[in-house]
Amino acid sequence: YRSAMQNDLTPQQVEAAAVKARKPLTQFIRDAGVAPSAFYRWKGGASMRPLTMAKLAEAMESNQ
């Protein structure tokens with residue numbers, strides 16, 4: 001299963017989802033099962049593993 005959202009997910013969208021969920025960003029990321037360091041490396045331009053990206057996409061979908 002690959003959501004379309006996962007393909008064009010941006011760090012800014014994850015940050016906006018954390019605000020919408022009324023959680024600190026690092027808490028939102030941890031609740032998704034992702035290490036905050038992985039998120040910040042991705043935000044800095046590194047690539048992110050598909051499974052990690054899927055976890056963030058699922059967290060965003062469940063918090064809508």
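Residues numbered from 1 in each chain as written. Predicted model: local features only at pLDDT ≥ 70, side-chain atom pairs only at ≥ 80, totals over all residues. Heavy atoms only, no water.

> Can you lay out the overall build of the protein for me, pointing to particular residues and giving the numbers?
If you tally the helices and strands in the protein, you get five helices and zero strands. In the protein, the succession of α and β elements from N to C terminus is α-α-α-α-α. By residue count, 39% of the 64 residues in the protein fall in the buried class. Accessible area for the protein stands at about 4,100 Å²; split by element, carbon and sulfur atoms hold 51% of it. (Helix = DSSP H or I, 4+ residues; strand = E, 2+ residues; numbered from the N terminus. Buried < 20%, exposed > 50% of the residue type's maximum accessible area, 1.4 Å probe, protein only. Areas by Shrake-Rupley, 256 points an atom, 1.4 Å probe, with all protein chains shown as cover.)

> Please provide a residue-by-residue account of the packing of helix H2 (residues 11-20) against helix H4 (residues 36-43), values included.
One can describe the packing of H2 onto H4 by two numbers: an axis separation of 10 Å at closest approach and a directional angle of 135 degrees. By the angle class used here, H2 and H4 are oblique. Touching Pro11, Val14 and Glu15 of H2 are Phe39, Trp42 and Lys43, all from H4. For the contact of H2 with H4, the per-class residue count stands at four nonpolar, no polar and two charged. (Axes fitted to C-alpha atoms, helices over the stretch in contact; angles between N-to-C directions. Parallel < 35°, antiparallel > 145°, perpendicular 65-115°, else oblique. Contact = heavy atoms within 4.5 Å. Nonpolar A, V, L, I, M, F, W, Y, C, P; charged D, E, K, R; others polar.)

> Account for the nonpolar core, naming residues and giving values.
The biggest cluster of nonpolar side chains holds 19 residues, and the ones touching the most others in it are Leu9, Val14, Phe28, Phe39, Trp42 and Leu56. When residues of this core are traced back to their parent elements, those giving at least two are H2, helix H3 (25-31), H4 and helix H5 (50-62). Residue contributions to this core peak at five residues, all from H5. If sequence neighbours within four positions are ignored, Phe28 has contacts with Val14, Ala17, Ala18, Ala21, Lys23, Ala59, Met60 and Asn63. (Core = buried A, V, L, I, M, F, W, Y, C linked by side-chain atoms within 4.5 Å.)

> Go over the packing of aromatic side chains, please, and point to the residues and values.
Counted by the stated rule, this structure contains two aromatic pairs. Considering the side-chain rings of Phe39 and Tyr40, the 5.2 Å spacing of their centres and the 80 degrees angle between planes classify their relative orientation as edge-to-face. Given the relative accessible area of 40%, Tyr40 is considered partly exposed. A centroid spacing of 5.9 Å and a plane angle of 70 degrees characterise the contact between Phe39 and Trp42, whose relative ring orientation is edge-to-face. Of the two residues, Phe39 and Trp42 both sit in helix H4, three residues apart, roughly one turn of that helix. Judged by its relative accessible area of 0%, Phe39 falls in the buried class. Connected via pairs of aromatic rings, a cluster forms that spans Phe39, Tyr40 and Trp42. (Phe/Tyr/Trp six-rings, centres within 6.5 Å; stacked < 30°, edge-to-face > 60°.)

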